[in-house]
Structure formats: C-alpha cells, structure tokens
Amino acid sequence: MAETPKFTPRVFSGIQPSGSLTLGNYLGAMTKFVDWQNRGTHETIFCMVDLHAITVPQAPDTLRHNTRELCAGFLASGIDPEKSILINQSRVPEHAQLGWIFNCVARMGWMGRMTQWKDKSGKNAEAASLGLFAYPALMAADILLYKSTHVPVGEDQKQHIELTRDIAAKFNHDYDVDFFPMTAPVIEGAATRIMSLKDGTKKMSKSDPVEASRINLTDDADAIAKKFKKAKTDPDPLPGTPEGLEGRPDARNLVNIYAALAETSVADVLAANEGKMFGYFKQDLADLAVSKLSPVSTEMARLMKDPAEIDRVLARGSERAREISVPVLEQVYDIIGMVR
Ligand code: TYM
C-alpha cells in the first residue's frame, strides 16, 4: 500500500535482548537498519525490546548484560545514536501504556492465530505467560507509538506487522479517526530468512538449544570457521543457477548467506562457483564471514568495556523518543475518553 502522506516518513524496528545476536539478526535486520539510517529519507528509531524478552523467563543479570550487548551490537554495526534514536523499550513507559490500550483493541481470536504464539507456547499453552499471548499487541504499540510508516524485519515477523495494521485499522474505525498509519513491512533481499546451519528447513535462532546451529556475533574466527565447516550440506557440488538449489535447503542456505555477506546476488555467487564442492565453498564462506563479522565483534567487545557509556546512549535515546511518544499517547487518551 502507498505511504499515507499525512504521516512523517519514519522507520521503527526492534530486536529482543533474549540471547546472543545471530548472523540471522545481523543480515536480516541490523544491516538493513543501517541502510535505512544512512539513506536519510526517514527518521529511524531502533529498540531493544526488553519488555518482550520477559514474556519467557530471563535471569535479571543476563537480561541486563544482553540488553547492553545488543546496544553494543547496534553501535558496532553502524547505528549512529545522533542520526537514529536508539532506545530500550522499558525506558519509554508509553510503550507499555499504549500496549495496554491495544490489549483492549485486539481480539483473542487474532492472538490465538499467531504462529509465533503457537510455536512458543507449544503443547502446554496453559503454562505460557499472558504476556506471551499479548506479545503482538505490545509490538503494535512499539510501532504505532511513533506512527511509524515502515518496519524493516525478517520474514518471520510478517504476520505480526499484519496484525499491527489490523489493530491500527480497528482503532481508527472504532473511534472514527484517521490517527494511526497503515504501516508497511519491509522484507527485502537475500537474507530475509537465514536458516539453521544444522537444518536448512528451520530458522536460525538465538533461542535454538543447539549452539552449532547458529553463528553468534560474539563468536571468534575459530568458532565461525568450525561452525561453517560442520554445517549440514548434501553431497552434490554447487549448481550454476538458482534453479539447481530446488529441494536443497541446506545448500541454498549457505549460498544465501554468502550472497548476503558479499552483498551480491545468489545467481552471481553460483555463476562464480559452479561445480565447486561444498567442502571448499564452506572454507570461502568462513573466510568471508570472518572478514565481515570480526570488525563488528571486536568493536562490540570494546564498547562492552564501558557499560556506563552504553547506558548514557540509551538514556539520551529515550529522552528523544519521548518527545514523540508522550504527545502521541496524550492524543490517544483524549480520543478514547480518559479524563486528563
Ligand atoms: P527477534 O529479536 O526475534 O529478531 C530481530 C530481527 O531479526 C530478524 N531475524 C532474522 N532474519 C533473517 N533470518 C533469521 N534467521 C532471523 N532471525 C531473526 C527478525 O525478523 C527481526 O527483524 N518480535 C520481534 C521484536 C520486535 C519488533 C517490534 C520488531 C518487538 N517489537 C517492532 C519490529 C517492530 C522479534 O522477536 O525479533
């Protein structure tokens, strides 16, 4: 849908501080965020969604560490806190406040249909937290609190952005206003769904119990090389065209990762590597990954030596965010009839 001109062009996206950042987060989200920031066409807001992280149990010290490390990851990847607004969600209380209002707009049936809810609550939904069920309403609040027009995400978040549009539309309809935009998801490029190195049909995830299934941004060169070497493949050599990857999810995943890291197309990677055995290709892939990721992990480690500076970045970000979020929430309260 075309962007509604009445809304300021604004990009918002978030990442959960629920574990180490993975190559999937980096290629599917971080690098896209940096592109949006540097394009300069939109205001950009990026968020560490700590309130979302606690929808499943988190040890307090680990959560604190992961939030700071995620902030270091944003900075090391190229997010400039002067150009973009960088926040952690809990520090901007309007997220939770608008989240509550959206709990009252969204319908139980909508939430129950979310695939992430079904996957994460598993067979024992009775024992899942109420927060896990309401997760997408808080996510809609993150986005709509800033009347964001565009949300760059990986493929797995598409359904949540669709629900955000449903919530915006129902709010606008129920209160007869044209207040929230119909936010557009932006899901583009070779890296929208990086898969597990151990199973090319499963998403690479920070919460996968199998460590060898993912590359973490904190992995050193040795660990990266070992994980790629042990990545699952099939016995056939690389094909010359993308059609030759049909029915070969593990092979396709490695080629996709290479293309995304090299900032080129899958077709070009295959044209240059036709007939190569995966043993050799995996070595090239490991070298490429190390050359791209090492500067990021070295910078993250440097930033983590000064957590107070990270906290200052987040404090300043939340002040800037609240210049937008406080008036928006005030208007929402007014629309829905809260006495102020
Ligand atoms: P999270 O923390 O799971 O992931 C953060 C971002 O990384 C992308 N991503 C991937 N992309 C490609 N391949 C993968 N294997 C891969 N794994 C993760 C995700 O698609 C996402 O873009 N619900 C969100 C967090 C959130 C949010 C928001 C996002 C909360 N509020 C508002 C956008 C806007 C989540 O759990 O992302």
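Rules and cut-offs
- Residues numbered from 1 in each chain as written.
- Predicted model: local features only at pLDDT ≥ 70, side-chain atom pairs only at ≥ 80, totals over all residues.
- Heavy atoms only, no water.
- UniProt positions renumbered as here; feature names shortened; annotations may be inferred.
- Near = heavy atom within 4 Å.
- Polar contact = N/O pair within 3.5 Å; in protein donor to acceptor, adjacent residues only side chain to side chain.
- Nonpolar A, V, L, I, M, F, W, Y, C, P; charged D, E, K, R; others polar.
- Domains from an automatic or database assignment.
- Contact = heavy atoms within 4.5 Å.
- Buried area = accessible area lost by both parts, 1.4 Å probe.
- Phe/Tyr/Trp six-rings, centres within 6.5 Å; stacked < 30°, edge-to-face > 60°.
- Helix = DSSP H or I, 4+ residues; strand = E, 2+ residues; numbered from the N terminus.
- Buried < 20%, exposed > 50% of the residue type's maximum accessible area, 1.4 Å probe, protein only.
- Salt bridge = Lys/Arg side-chain N within 4 Å of Asp/Glu carboxyl O.

An unreviewed UniProt entry lists the protein chain under the name Tryptophan--tRNA ligase, from Jannaschia faecimaris. On record in UniProt, under Catalytic activity (unreviewed entry), the comment for the protein chain is "tRNA(Trp) + L-tryptophan + ATP = L-tryptophyl-tRNA(Trp) + AMP + diphosphate + H(+)". Database annotation for the protein chain, UniProt heading Subunit (unreviewed entry): "Homodimer."

Asks: I keep staring at the site of the ligand and nothing clicks. Help me out?
Replies: What surrounds the ligand is a group of 27 residues, the closest being Tyr 135, Asp 142, Asp 156, Ile 194 and Lys 206. Note that an oxygen atom of the ligand is positioned 2.9 Å from one of the backbone N or O atoms of Gln 16. The class makeup of the residues in the shell around the ligand is twelve nonpolar, ten polar and five charged.

Asks: What exactly am I supposed to notice about the domain arrangement of the protein chain here?
Replies: Note: interface size is frequently given as the accessible area lost on complex formation between the parts. The domains assigned to the protein chain are domain 1 (10-186 + 306-336) and domain 2 (211-301). Of note, the centres of domain 1 and domain 2, computed from C-alpha atoms alone, are 30 Å apart. Contact residues are listed per partner, giving eleven residues for domain 1 and 13 residues for domain 2. For the pairing of domain 1 and domain 2, the buried interface totals around 1,000 Å² over both sides, and the portion due to carbon and sulfur atoms is 80%. Looking only at domain 1, the three residues that lose the most surface to domain 2 are Leu 23, Tyr 26 and Ala 76, adding up to 47% of its buried area.

Asks: How should the packing of aromatic side chains be read in this particular structure?
Replies: Centre distance and the angle of the planes are the two values used to describe a pair of aromatic rings. For the coordinates displayed, the defined rule picks out twelve aromatic pairs. Measuring from centroid to centroid gives 4.6 Å for Phe 33 and Phe 46, while their planes differ by 15 degrees, and the two rings are stacked. Pair noted here: Phe 33 is in helix α1 (residues 23-39) and Phe 46 is in strand β2 (residues 43-48), with a separation of 13 residues, a long-range link. Using a relative accessible area of 0% as the deciding quantity, one classes Phe 46 as buried.

Asks: Sorry, what's going on with unusual backbone geometry here?
Replies: The backbone of Asp 176 shows a phi angle near 55 degrees, a positive value even though the residue is not glycine. Along the chain, Asp 176 falls in the loop between α8 (158-174) and β5 (184-186). Its identity is not glycine, yet Glu 263 carries a phi of approximately 55 degrees, on the positive side. Topologically, Glu 263 is positioned in the loop between α10 (249-262) and α11 (266-273). Relative accessible area serves as the criterion here: at 67%, Glu 263 is assigned to the exposed category.

Asks: Looking at this structure, how should I read the UniProt feature "binding site: L-tryptophan" (unreviewed entry) in the protein chain?
Replies: Residues given the UniProt feature "binding site: L-tryptophan" (unreviewed entry) here are Asp 142. Assignment of secondary structure puts Asp 142 in helix α7 (residues 130-144). For Asp 142, a relative accessible area of 2% puts it in the buried group. Those residues within four positions of Asp 142 in sequence are excluded, and the remaining contacts are Phe 12, Val 49, His 52, Gln 89 and His 95. Separated by 3.0 Å, the side chains of Asp 142 and Gln 89 make a polar contact.

Asks: Honestly, the pattern of salt bridges in this entry has me stumped. Any pointers?
Replies: Close approach of charged atoms allows side chains of opposite charge to pair. Counted under the stated rule, the structure contains 21 salt bridges. Between Asp 174 and Lys 170 there is a salt bridge whose closest N-O contact spans 2.9 Å. Here Asp 174 and its partner Lys 170 are both found in helix α8, four residues apart, which amounts to about one turn of the helix. We classify Asp 174 as partly exposed; its relative accessible area is 42%. The partly exposed category is assigned to Lys 170, whose relative accessible area is 22%. Three or more residues joined by partner-sharing salt bridges are found here, namely Glu 211, Arg 214, Asp 219 and Lys 227.

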